[in-house]
Amino acid sequence: MSSNRYMVDSERDLIAPSLSISPSDSLSDDRDNLTFELSNFDAVKATSPILYWLSTKMSYQPLASDDPEEQLKAYGSIGSSTSSPRGLLGEDFRVEDPVVTEINNPFLDTDTADYWRQVYENCQYECRHAFNPKLTWSTKEEKELIRKLDWKVCLWACVMFFGLQVDRGNLSQAVSDNMLDDLGLDTNDYNYGHSIFLVSFLLAELPSQLVSKAVGPDRWIPMQMVLWSFVAISQCALTGRLSFLITRSLLGFLEGGFIPDLVLWLSYFYTSCELPIRLSYFWTTLSVTGIVTSLLAFALLHLRGVLGWEGWRWLFLLEGFITLCVGIASFFMMPASAVQTKTWFRPRGWFTEREEAIVVNRVLRDDPSKGDMHNRQALTLRRLWEALKDYDLWPLYAIGLWAYVPQSPPKTYVTLTLRSLGFSTFNTNLLTIPAMQFLSGGARKTPTMSMSVQAGSVYASYIYRDDDKPLYRRGNTTLLMINLISILVFLLTKLYYVRRNKQKERIWNALSDEQQVEYRKTTKLQGSRRLDFRFAH
């Protein structure tokens, strides 16, 4: 005995079945003879309020059929006939868990499906064999698969992001242990080191993404982590200003592009609607990292004097080793794609063949162009130029230049400020936990904004100057002005996207249905430049 469960929801009328009573039966005590068929759920609500929220246990028994294949079809599956009656046995029937049908499937049109199949074949897209325009799956299957993706893919992405933040943020903890005095540096040298890191990070963004696309993020990201962990560890041997500036530059070059590379890898598994939620987990990880590293710093800085080393040297050594371990493990935890999870150390893989097909087709139906390049194919300069001249994204870059500046100097100087107020090294690192959570709150950056955000962080490094301490009145006045400019930029960006959506809507509605279909089939424009694209604001 099997049971199907269908969700009763007015918003799912297009995919949820409905109940219609056969003429020979009624809502009587003789429930054994109650038969019905699923056709249009609106009929249920119109026929009887009782049926709209009826609860009974149900199993489906197919009636006799001359076609043996029809006898094997489960009622409610895509392959079954909606007009075939079924017997209702038992009690407690609940309408729930619909089968996902062809809603939002751009490949229902045969010509469109054939076009994209040829595109995937021509570019040797690694998942092309799993492409199936007619594949269907249930809501329950999809939810369970997304949960598996979160555990297998997103969780490890957060672990790698943790590794990035450990090495990127421990400098402020090191200076709380008198690192600047030990190396003969002052606040301006600290600013130079921070700005050199950010400039190097910015310059490496584009080359890193080019390398990642050419060799695959599953290979490049672990290599990045291992390489920068060696540099992070080498900071335990700093001797002065020159070695300090060199290591800051190397760290910036090797860490640059890590976040866009990681987002590229995640895009192989998640749809565009799911990806922003997974990116929000990154920034949750940022907060967790701040707490963990502050507690680690509290412990590690107590090692001052062991083997004649300062506490900050032990901090760089041991936290760099943590990142090294994560980087090595990432070689084994990052499959190249959903269909490439089986390997010598993981012979059974992560997914069944059906799960692989669902992952691939979910992603392609969300954005067919995700399969127009294989995962070892380098970007061309022409594609980069097309992205740079997409002027509709320029307002977002303007936000990146201004909006994240005000929080940067307080975050960079929080430990120095607390030390100047008389707090000990250890209490300073404990006090940074609530301070950093407050300063880090609300940060949500997309990969396309990353370079502009880094550019804004460069000039943010020079807002707090040595001649302005300890109250930094001039610097705080500058931050207040930048906040006001940011508000203006946000408002203008909102107005711009409202206007652009109306403009696109007017042009699109002027086209006939046939012209709209033809446009979707033939246009070479991608992303926000398409007429059928609308900006979320």
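The rules behind each value
- Residues numbered from 1 in each chain as written.
- Predicted model: local features only at pLDDT ≥ 70, side-chain atom pairs only at ≥ 80, totals over all residues.
- Heavy atoms only, no water.
- Helix = DSSP H or I, 4+ residues; strand = E, 2+ residues; numbered from the N terminus.
- Expected span 1.5 Å × (residues − 1).
- Bend = angle between axes of the 7 residues up to and from the residue.
- Phe/Tyr/Trp six-rings, centres within 6.5 Å; stacked < 30°, edge-to-face > 60°.
- Buried < 20%, exposed > 50% of the residue type's maximum accessible area, 1.4 Å probe, protein only.
- Salt bridge = Lys/Arg side-chain N within 4 Å of Asp/Glu carboxyl O.
- Core = buried A, V, L, I, M, F, W, Y, C linked by side-chain atoms within 4.5 Å.
- Contact = heavy atoms within 4.5 Å.
- Axes fitted to C-alpha atoms, helices over the stretch in contact; angles between N-to-C directions.
- Parallel < 35°, antiparallel > 145°, perpendicular 65-115°, else oblique.
- Left-handed = near helix turned anticlockwise from the far one by under 90°.
- Nonpolar A, V, L, I, M, F, W, Y, C, P; charged D, E, K, R; others polar.

Caption draft 1: Seen up close, unusual backbone geometry. Non-glycine residue Gln124 carries a positive phi angle of around 60 degrees. With respect to the helices, strands and loops of the structure, Gln124 is situated in the loop between helix H4 (110–122) and strand S5 (137–138). A positive phi angle is found at Leu307, which is not glycine, with a value near 60 degrees. Relative to the assigned elements, Leu307 resides in the loop between helix H11 (275–300) and helix H12 (311–333).

Caption draft 2: Representation of helix H16 (residues 408–420). The first and last C-alpha atoms of H16 sit 19 Å apart over 13 residues, in line with the 18 Å expected at 1.5 Å per residue. Residue Val414 marks the point of greatest curvature in H16, where the axis turns by about 55 degrees. Downstream of H16 by a residue or two, Gly422 has a phi angle that is positive, lying close to 100 degrees.

Caption draft 3: Spatial organisation of the packing of aromatic side chains. Tallied over the entire structure, the rule returns 23 aromatic pairs. Ring plane angle 70 degrees and centroid distance 5.4 Å describe the contact between Tyr496 and Tyr497, whose orientation is recorded as edge-to-face. With a relative accessible area of 21%, Tyr496 lands in the partly exposed category. Among the aromatic residues, those joined into a cluster by ring pairs are Phe107, Tyr115, Trp116, Tyr120, Tyr125 and Phe131.

Caption draft 4: Spatial organisation of the pattern of salt bridges. Overall, the coordinates contain 17 salt bridges when judged by the stated rule. When the shortest N-O distance is used, the salt bridge between Arg362 and Glu274 registers 2.1 Å. Taken together, the residues span a long stretch of sequence, with Arg362 in helix H13 (residues 353–366) and Glu274 in the loop between helix H10 (258–267) and H11 at a distance of 88 residues. When its relative accessible area of 5% is taken as the criterion, Arg362 is described as buried. Residues joined in a network through salt bridges with shared partners are Glu142, Glu274 and Arg362.

Caption draft 5: Region of interest: the nonpolar core. Ranked by size, the top nonpolar core spans 44 residues in total, and within it Met160, Phe258, Trp265, Leu266 and Phe282 carry the most contacts. Listed by contribution, the elements that provide at least two residues to this core are helix H5 (139–175), helix H7 (187–215), helix H8 (217–234), H10, H11 and H13. Tallying contributions element by element places H5 first for this core, with ten residues. If we skip the residues at most four places from it in the chain, Phe282 touches Ala157, Cys158, Phe161, Leu262 and Leu266. Formed by 26 residues, the second largest nonpolar core is a distinct cluster that contains Val175, Leu238, Ala297 and Leu300.

Caption draft 6: Local environment of the packing of H5 against H8. Running from N to C, H5 and H8 point in directions that differ by 25 degrees, and their axes come no closer than 11 Å. Judged by the angle between their axes, H5 and H8 are roughly parallel. When the axes of H5 and H8 are compared, the crossing they make is left-handed. Contacts between H5 and H8 pair Met160, Gly163, Leu164 and Asp167 from the former with Ile221, Met225, Trp228, Ser229 and Ala232 from the latter. Here the residues of the contact of H5 with H8 are counted per class, giving six nonpolar, two polar and one charged.

Caption draft 7: Local environment of the packing of H5 against H16. Contact geometry of H5 with H16 gives a least axis separation of 8 Å together with a crossing angle of 20 degrees. Classed by the angle they form, the pair H5 and H16 counts as roughly parallel. Crossing of H5 against H16: the hand is right-handed. Contacts between H5 and H16 involve Ser172, Gln173 and Val175 from the former and Thr412, Thr415 and Leu416 from the latter. Taken together, the residues that form the contact of H5 with H16 break down as two nonpolar, four polar and no charged.

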